[in-house]
Amino acid sequence: MAETVVIVGGGAGGMTSAAVLKKYSPEKRVVLFEKSEYVSWAGCPTPYYISQELPFEAVVRHGLEDFASRGIEVYNHHEVERIDFKEKTVFVKGEKINGSFDYDKLILSLGGIPLIPDIRGYLNSIEGIFRLSHVDDAIKIKDFIDYKKPKNACIIGGGFIGIEMAESFYLRGLNTTLIEKLETLFPKMDQSLLKPIYKEFEDKNLNLILGKSVVQINSHDGVLKSILLDSGEEIEADILLISIGLRPNIEILEKSSFKFSEKGRVYVDKKMKTYLDDVYAIGDMVFTDNFLTGKKVYAPFGDAADKQGLVVAKNLSGGNKEFKGVMGTFASSFFDLKMAKTGLSLGEAVEAGYNAKSVYVTAVTEVPLFKNAGRANTEVVYDVDKEVILGATMIGNIPVAQFIDQFSIAIAHKLNFEQLFDVDYAYSPRNSIVWNPILAAYRKIMSQT
Ligand SMILES: Cc1cc2nc3c(=O)[nH]c(=O)nc-3n(C[C@H](O)[C@H](O)[C@H](O)COP(=O)(O)OP(=O)(O)OC[C@H]3O[C@@H](n4cnc5c(N)ncnc54)[C@H](O)[C@@H]3O)c2cc1C
């Protein structure tokens, strides 16, 4: 009989594993359970769907029919409530399948759960309070803005989702305040690079409050009215987005006598296998290795979930692929500003025991004398002894992710400065300058040694 692979969770990781698995192993029975309406949805475009810059199709790219036509059995509105790992059975609550369902192999891609702060007056049921970690949340937020027409928006949390949503609310015409309890945004980044971000808050008249915490939520008849800060300041709010981070969604594992590696963490090997032979876990629900430090880290990013889904699917199809870890690479944007980081910041590198230093260079995508030519400030962190790059951060009004990817390749393959110098890079006045950030960093670093 054909092997049955059950996948739980139809987000980024789950759908990638289903699609790749069916492609390379058409003989296998691939069954996917998703508790919500949608599969193959993407979290990354949701701020731009809410701001009405992207249509819904950018968030949900493929319908159930698409996967059915590829021979994948997808059950939406089917929640897996518990797993019996001994009997290799999942317990499903749904219309078409309601009860136990056996698997030969199990792939878990359950995603993450937004953290909720312990704030006086907070109730999940208060109208106007949202979090954003799922397409369902994005639909609710957009509908609320469309139909309830709020005027004042507050965001708790100045991470990348917080600032992308500050832009989104601004573009919807909302009077927006972002509150971050730390003294700075992105504390792990070099603060001198962040100046353009702070300036953008000022230029757009967005209220950025740093170093203060929300201590109370005020509502009336179940409707949000205002928030109170620890400084005593009260801010009117018709809509509040809580965006203070994510934790792995491990609730069904807790109900299923799964043995956690440590403190409720799911660790997997490089093939994404848990300690149980036929059980794999991927995406925002697992901790993974930091490529540079070897430490277990929580890196809830879509590209990692997709790659991990592919690794599992290929291996279940007879392959021998590994997911080697993450470097903390990410990109985000705030209006015309783009920011991206890979590897370690200087502080992180020193903390990890490297003899590290950093240099600052400017990146451009065309000769700076062109009218409106953009630029990005760049910090490159390097290992003084081994002469390799450990990290880079870029912020500016050019597409920085492409440059950051070059740094990521250098880090992943431990290319030293001379090897990076040897690369034949492209140059033309409208595309680049001769001294791209890698070469510019090379020159600076060499002049210091
Ligand atoms: C606003 C926003 C912006 C983002 N921007 C970026 C970005 O720019 N770049 C980037 O790399 N990443 C970004 N991300 C992160 C990215 O979306 C996630 O890392 C990615 O979706 C994780 O994939 P996953 O498969 O682990 O989990 P998810 O995509 O969250 O999927 C988990 C699925 O499991 C389902 N599920 C949960 N429990 C059960 C159950 N018991 N039974 C059945 N189904 C269940 C859920 O309904 C969900 O559909 C962003 C996320 C958000 C919210």
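Located above this text is the structure these notes cover.
A quick note: this is a predicted structure, and the numbers were derived from the prediction, not measured.

**Concerning the sheet that holds strand β24 (residues 376–383)**
Here is step 1 of the chain: In spatial order, the strands read β21-β22-β25-β24-β23; together these 5 strands make up an open sheet with antiparallel pairing. Either end of the sheet is taken by a strand with one partner, and the two such strands are β21 (330–334) and β23 (356–363). Direction aside, neighbouring strands of the sheet carry axes that sit 15° apart on average.
Here is step 2 of the chain: For β24 and strand β25 (residues 388–396), the ladder comprises 8 bridges, and the chain directions are antiparallel. Residue pairing across strands places N377 opposite I395, the latter belonging to β25.
Here is step 3 of the chain: In the packing of helix α6 (residues 195–203) onto the sheet, the strands contacted are β21, β22 (337–343) and β25, and the crossing angle to β22 comes to about 150°.
Here is step 4 of the chain: Helix α12 (residues 437–448) contacts β23, β24 and β25 of the sheet and is inclined by roughly 135° relative to β23.

**As for the site of the ligand**
Here is step 1 of the chain: Taken together, 35 residues lie near the ligand, and G13, E34, W41, S109 and D284 sit nearest.
Here is step 2 of the chain: Protein burial of the ligand: of its 1,000 Å² of free accessible surface, 91% is covered by the chains.
Here is step 3 of the chain: Elements supplying a minimum of two residues to the shell around the ligand: α1 (12–24), α2 (46–50), β4 (79–84), α5 (160–171) and α8 (302–316).
Here is step 4 of the chain: When its residues are assigned to classes, the shell around the ligand shows 15 nonpolar, 15 polar and 5 charged.

**Section: the side chain of T342**
Here is step 1 of the chain: Mapped onto the elements of the fold, T342 is located in strand β22.
Here is step 2 of the chain: A distance of 3.0 Å separates polar atoms of two side chains, one belonging to T342 and the other to S408.
Here is step 3 of the chain: Beyond its immediate stretch of four places on either side in the chain, T342 contacts M327, G328, T329, L390, G391, A392, I404, F407, S408 and I411.

**Quick look at the environment of K151**
Here is step 1 of the chain: Looking at the element boundaries, K151 is found in the loop between α4 (135–148) and β10 (152–156).
Here is step 2 of the chain: With 112 residues separating them along the chain, K151 and V39 place their C-alpha atoms 32 Å apart.
Here is step 3 of the chain: If we skip the residues at most four places from it in the chain, K151 touches L174, N175 and D238.

**Considering the packing of aromatic side chains**
Here is step 1 of the chain: Within the structure shown, the criterion is met by 18 aromatic pairs.
Here is step 2 of the chain: Seen from their ring centres, F33 and Y75 are 5.5 Å apart, and the 25° between their planes marks the pair as stacked. You can see F33 sitting in strand β2 (residues 29–33) and its partner Y75 sitting in strand β3 (residues 73–75), a full 42 residues away along the chain.
Here is step 3 of the chain: You can call F33 buried: its relative accessible area is 1%.
Here is step 4 of the chain: Among the aromatic side chains, those forming a connected cluster through ring pairs are F85, F258, F260 and Y275.
Here is step 5 of the chain: Sitting over the ring of Y267, K296 keeps its end group 5.1 Å from the ring centre.

**Considerations on the side chain of D383**
Here is step 1 of the chain: Tracing the backbone shows D383 in strand β24.
Here is step 2 of the chain: It is K386 that comes nearest to the buried, bridge-free D383 among opposite-charge side chains, at 4.7 Å.
Here is step 3 of the chain: Setting aside its immediate chain neighbours within four residues, D383 contacts Y354, N355, V388 and L390.

**Regarding helix α10 (residues 400–412)**
Here is step 1 of the chain: For α10, with 13 residues, the first-to-last C-alpha span of 18 Å sits near the 18 Å given by 1.5 Å per residue.
Here is step 2 of the chain: Restricting attention to buried positions, one finds in α10 the residues V400, F403, I404, F407, S408, A410 and I411. Considered in projection along α10, the buried side chains sweep an arc of 160° and stay on one side of the axis. Residues of α10 that are exposed and angled more than 90 degrees away from the buried face: Q402 and I409.
Here is step 3 of the chain: Buried residues belonging to α10 abut β22, β23, β24, β25, α11 (417–422) and α12.
Here is step 4 of the chain: Looking at the residues trailing α10, positive phi occurs at K414, about 50°.

About the criteria used
Residues numbered from 1 in each chain as written. Predicted model: local features only at pLDDT ≥ 70, side-chain atom pairs only at ≥ 80, totals over all residues. Heavy atoms only, no water. Pairing = 2+ DSSP bridges. Helix = DSSP H or I, 4+ residues; strand = E, 2+ residues; numbered from the N terminus. Axes fitted to C-alpha atoms, helices over the stretch in contact; angles between N-to-C directions. Contact = heavy atoms within 4.5 Å. Near = heavy atom within 4 Å. Areas by Shrake-Rupley, 256 points an atom, 1.4 Å probe, with all protein chains shown as cover. Nonpolar A, V, L, I, M, F, W, Y, C, P; charged D, E, K, R; others polar. Polar contact = N/O pair within 3.5 Å; in protein donor to acceptor, adjacent residues only side chain to side chain. Phe/Tyr/Trp six-rings, centres within 6.5 Å; stacked < 30°, edge-to-face > 60°. Buried < 20%, exposed > 50% of the residue type's maximum accessible area, 1.4 Å probe, protein only. Lys NZ or Arg CZ within 6 Å of the ring centre and 35° of its normal. Lys, Arg positive; Asp, Glu negative; His and termini not counted. Salt bridge = Lys/Arg side-chain N within 4 Å of Asp/Glu carboxyl O. Expected span 1.5 Å × (residues − 1). Arc of directions from axis to C-beta.

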